[in-house]
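Summary of structural features
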Amino acid sequence: MAESKAVEQGSAASLETDVIPSRDRTFRIVIAHKDEDHPNATEFAWRRVFVVNPDFHGPEYDPLADAKSQLKQAREEYPTAEGYEHRIQVLAPAGPDSHEWQEV
Amino acid sequence: MPFGAATVSTNSLKRTLADRLQTTTTRNPPKFVAMGVGATGAARTAAAADTALSTEVETRTSGTESTVTTTVTGDTYQTVGTITATAARVVDEAMTNDASSAGNIGISATFAVINLAIGDSLQLTFKEQLT
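Please read these numbers as outputs of a predicted model, since none were measured by experiment.

Conventions we followed
- Along each chain, residue indices are assigned from 1 in the same order as the chain's sequence is written.
- Chains and ligands are labelled sequentially in the order written, the chains with letters from A and the ligands with numbers from 1.
- Per-residue local features of the predicted model are confined to residues with pLDDT of at least 70, and side-chain atom pairs are confined, for both listing and counting, to 80 or more; whole-chain, interface and lining totals are unaffected and use all residues.
- The side-chain numbers reported here are obtained from all heavy atoms of the structure, hydrogens and water having been left aside.
- Strands here mean DSSP runs of E at least two residues long; helices mean DSSP runs of H or I at least four residues long; both are numbered from the N terminus.
- Working definition: with a 1.4 Å probe on protein chains only, accessible area under 20% of the residue-type maximum means buried, over 50% means exposed, and in between means partly exposed.
- By the convention used here, residues are in contact when the closest approach between their heavy atoms is within 4.5 Å.
- Each accessible area value is a Shrake-Rupley result obtained with a 1.4 Å probe; residue values ignore everything except the protein chains displayed when judging cover.
- Only buried residues count toward a nonpolar core. Its members are Ala, Val, Leu, Ile, Met, Phe, Trp, Tyr and Cys residues joined through side-chain atoms within 4.5 Å.
- Two strands pair under a simple rule: DSSP has to find at least two bridges between them.
- The axes used here are C-alpha line fits, helices contributing only the stretch in contact, and every angle between their N-to-C directions lies in the interval 0 to 180 degrees.
- One side-chain nitrogen of Lys or Arg within 4 Å of one carboxyl oxygen of Asp or Glu is enough to make a salt bridge.
- The predictor attaches a confidence to each residue, called pLDDT, with possible values from 0 through 100.
- Between N or O atoms, a polar contact is any pair within 3.5 Å; within protein, one atom must be a potential hydrogen donor and the other a potential acceptor, and residues adjacent in sequence are included only when both atoms are from side chains.

Here we come to the overall build of chain B. Helix and strand content of chain B: one helix and eight strands. Reading the secondary structure of chain B in the N-to-C direction produces β-α-β-β-β-β-β-β-β. When burial is assessed residue by residue, chain B has 49% of its 131 residues classed as buried.

Attention shifts here to the overall build of chain A. Regarding its fold elements, chain A presents one helix and five strands. In sequence order, the secondary structure elements of chain A are arranged as β-β-β-α-β-β. Burial status across chain A gives 28% buried among its 104 residues. Look at the contacts in chain A between residues 6 or more apart in sequence, and 52% of them connect residues 24 or more apart. For chain A, the exposed area adds up to about 7400 Å²; of that, 47% sits on carbon and sulfur atoms.

A few words now on unusual backbone geometry. All names here are of chain B. Even without being a glycine, Ala 43 presents a positive backbone phi close to 50°. Examined against the element boundaries, Ala 43 turns out to sit in the loop between β2 (32-36) and β3 (56-62). One non-glycine residue, Glu 58, lies in positive phi territory at about 65°. Within the secondary structure layout, Glu 58 lies in strand β3.

For the rest of this paragraph, the subject is the nonpolar core. In this structure, Leu 124 and Phe 126 of chain B are the most contacted members of the largest nonpolar core, which totals 18 residues. Sorting the residues of this core by element identifies β1 (11-20) of chain A together with β2, β6 (89-97), β7 (105-116) and β8 (121-130) of chain B as the ones contributing at least two each. No other element matches β7 of chain B, which puts five residues into this core. For Phe 126 of chain B, the residues in contact, after removing those within four places along its chain, are Ser 14 and Leu 15 of chain A together with Val 33, Tyr 77, Gln 78, Thr 79, Ala 94, Met 95, Thr 96, Ile 107 and Ala 109 of chain B.

Residues and elements named next belong to chain B. An order of β1-β7-β6-β2-β3 is seen for the five strands of this open sheet, with the pairing classed as antiparallel. With partners counted over all chains shown, the strands left at the sheet margins are β1 (6-9) and β3, one partner each. Pairs of neighbouring strands in the sheet enclose a mean axial angle of 20°, with direction left out of account. Note that β1 and β7 share four bridges and pair antiparallel. The residue bridging Thr 7 from the neighbouring strand is Ala 109, located in β7. Contacts from helix α1 (residues 11-19) reach β1 and β7, with the element oriented near 135° to β7.

Here we take up the pattern of salt bridges. Pairing is possible between side chains of opposite charge, provided their charged atoms come close. Residue and element names in this part refer to chain B. A complete count under the given rule lists four salt bridges over all chains for this structure. Here Asp 50 ties to Arg 44 by a salt bridge, and the two come within 2.9 Å at their closest N and O atoms. You'll find Asp 50 and Arg 44 in the same group, each marked buried. Its salt-bridge partner being Arg 60, residue Glu 56 comes within 2.8 Å of it at the nearest N-O pair. The exposure class assigned to Glu 56 is partly exposed, which follows from its relative accessible area of 33%. Three or more residues joined by partner-sharing salt bridges are found here, namely Arg 44, Asp 50 and Glu 93.

Our focus in this paragraph is the pairing of β8 of chain B. All names here are of chain B. Most of β8 sits inside the fold, with seven of its ten residues counted as buried. Examined bridge by bridge, strand β5 (residues 76-84) and β8 share nine bridges and lie antiparallel to one another. Across the sheet, residue Thr 79 finds its bridge partner in β8, namely Phe 126.

A word on the confidence of the model for chain A. Segments scoring low in pLDDT should not have their predicted coordinates read at a detailed level. All names here are of chain A. Averaged over chain A, the pLDDT score is 62; the fraction of residues at 70 or greater is 34%. This stretch, residues 51-55, has a pLDDT under 50; its non-local contacts, to residues over four places away or in other chains, come to eight contacts. Counted against residues more than four places away or in other chains, residues 92-104, with its pLDDT under 50, gives 25 contacts.

Our focus in this paragraph is the side chain of Thr 110 of chain B. Residue placement: Thr 110 of chain B occurs in strand β7. Among the polar contacts listed, one links the side chain of Thr 110 of chain B to the backbone nitrogen of Ala 46 of chain B, at a separation of 3.1 Å.

Structure below.
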């Protein structure tokens with residue numbers, strides 16, 4: 001009589017993930033300077049705004065890297081030692097009221 | 001069970017695979033891709049008994065299907081889908097499913113948090129190798 005044997009078999013699942021940054025992100029570099037006469041207020045002394053437009057950039061364009069480069073330049077022009085604060089604001093493509101602050 | 005990273009073939013997927021070998025099938029292919037944000041909060045690790053994500057977000061996408069080779073020719077079912085975040089998302093779970101809503105789970109996965117900003121997309125490549 002033939003003997004049946006279980007054959008080891010099964011399946012193996014795997015998952016790979018890749019984040020694709022939005023090409024519609026708008027980065028706004030904000031440079032703030034504390035007003036010594038009003039220490040609780042932060043006034044925007046200057047700001048630079050640039051919009052990532054896919055029509056003007058190739059597929060390898062990295063908007064965040066560009067924003068950080070712009071920020072570096074801004075820090076040189078407006079030194080922290082002189083009381084300036086710098087941040088990158090990430091604006092949502094949904095609209096100007098939807099935004100978040102991003103650590104840089 | 002605490003949260004942990006795992007990618008598993010669910011019991012539901014095994015049933016689907018067996019069903020799909022029939023001349024007349026009763027289950028649809030698990031080509032839809034979904035992502036969620038609730039595994040860490042639910043202290044959940046993907047398991048064979050899973051039937052859904054803890055907190056699914058965004059609309060499922062119909063993945064691009066193919067068979068690819070892992071060990072022997074064409075031994076792996078693959079579905080690739082890209083989902084765009086309509087809000088900032090802290091993604092920590094994903095699955096394949098056989099329908100655009102509800103339906104039957106295929107592969108279940110939990111993983112370390114992936115932060116998506118609004119407008120960012122997550123491309124998910126699921127593979128199921130038959131061994």
